Amino acid sequence: QVQLVESGGGLVQPGGSLRLSCAASGSGFSVNAMGWYRQAPGTQRELVAVITSGGSTNYADSVKGRFTISRDNAKNTAYLQMNSLKPEDTDVYYCNVELNLRGSARGSLWGQGTQVTVSS
């Protein structure tokens, strides 16, 4: 089976930075697209950033110019560099990966979520 482990969340002041990591581990898979989503209490998850296997990226308008998504294919890891953080960025952030599995199966998997709090 495949597992995702997220790390890097925490408490920062407005204008500060955080770097989130999402590592996929296990066997019998390869990774296609990887993305980051966020969800405030009582709301639906929304896309923050996505990166394809070829390295193309897309960002929510609210984070363009401030956040950067990247990946290390050798480590099956995605990163989200978050700069110039604002209080409205406060959310639980979730990693999501698209997987190619054995037997020509495909699927997706969510990480456990990591809390990002931006407050003075």
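Residues numbered from 1 in each chain as written. Predicted model: local features only at pLDDT ≥ 70, side-chain atom pairs only at ≥ 80, totals over all residues. Heavy atoms only, no water.

Caption draft 1: Representation of the packing of aromatic side chains. In this structure the tally under the stated criterion is one aromatic pair. Aromatic pair Tyr37 and Trp110: ring centres 5.0 Å apart, planes at 70 degrees, arrangement edge-to-face. One end of the pair, Tyr37, is in strand S4 (residues 29-39); the other, Trp110, is in strand S10 (residues 106-110), and 73 residues separate them in sequence. Sitting above the plane of the Tyr79 ring, Arg19 keeps its charged end 4.1 Å from the centroid. (Phe/Tyr/Trp six-rings, centres within 6.5 Å; stacked < 30°, edge-to-face > 60°. Helix = DSSP H or I, 4+ residues; strand = E, 2+ residues; numbered from the N terminus. Lys NZ or Arg CZ within 6 Å of the ring centre and 35° of its normal.)

Caption draft 2: Structural context of the pattern of salt bridges. Scanning the model with the defined rule gives five salt bridges in all. Of the charged contacts in the structure, one is a salt bridge between Asp61 and Lys64, with a shortest N-O distance of 3.3 Å. Judged by relative accessible area, which is 65%, Asp61 ranks as exposed. (Salt bridge = Lys/Arg side-chain N within 4 Å of Asp/Glu carboxyl O. Buried < 20%, exposed > 50% of the residue type's maximum accessible area, 1.4 Å probe, protein only.)

Caption draft 3: Structural detail: the nonpolar core. Formed by 27 residues in total, the largest nonpolar core has its most connected members in Trp36, Val48, Phe67, Leu80, Met82 and Tyr93. Those elements that provide at least two residues to this core are strand S1 (2-7), strand S3 (18-26), S4, strand S5 (46-51), strand S7 (67-72), strand S8 (77-82), strand S9 (91-101) and strand S11 (114-118). Excluding residues within four positions of it along the chain, Leu80 makes contact with Leu18, Arg19, Leu20, Trp36, Val48, Ala49, Phe67, Thr68, Ile69 and Tyr93. (Core = buried A, V, L, I, M, F, W, Y, C linked by side-chain atoms within 4.5 Å. Contact = heavy atoms within 4.5 Å.)

Caption draft 4: Looking closely at the environment of Asn96. Structurally, the position occupied by Asn96 is in strand S9. Asn96 gets classed as buried once you look at its relative accessible area, which sits at 9%. Spatially, the C-alpha atoms of Asn96 and Thr43 are 17 Å apart, while their sequence positions differ by 53 residues. Once residues within four sequence positions are removed from consideration, Asn96 is found in contact with Ala33, Met34, Gly35, Tyr37, Ser108, Leu109 and Trp110.

Caption draft 5: Spotlight on the environment of Ala24. By the element assignment, Ala24 lies in strand S3. Taking the C-alpha atoms as reference points, Ala24 and Asn76, 52 residues apart in sequence, are found 5.4 Å from one another. The contact partners of Ala24, leaving out residues within four places of it in the chain, are Val2, Gln3, Leu4, Phe29, Lys75 and Asn76.

Caption draft 6: Up close: the side chain of Thr114. With respect to the element layout, Thr114 can be found in strand S11. On the basis of relative accessibility, which here comes to 11%, the residue Thr114 falls in the buried class. Those residues in contact with Thr114, other than ones at most four positions away along the chain, are Glu6, Gly9, Leu20, Asp91, Val92 and Tyr93.

Caption draft 7: A look at unusual backbone geometry. In this structure, Asn76 is a non-glycine residue whose phi angle is positive, near 50 degrees. Within the fold, Asn76 resides in the loop between S7 and S8.

Caption draft 8: Spatial organisation of the side chain of Arg38. Mapped onto the elements, Arg38 comes out in strand S4. A polar atom in the side chain of Arg38 sits 2.9 Å from the side chain of Tyr93. (Polar contact = N/O pair within 3.5 Å; in protein donor to acceptor, adjacent residues only side chain to side chain.)

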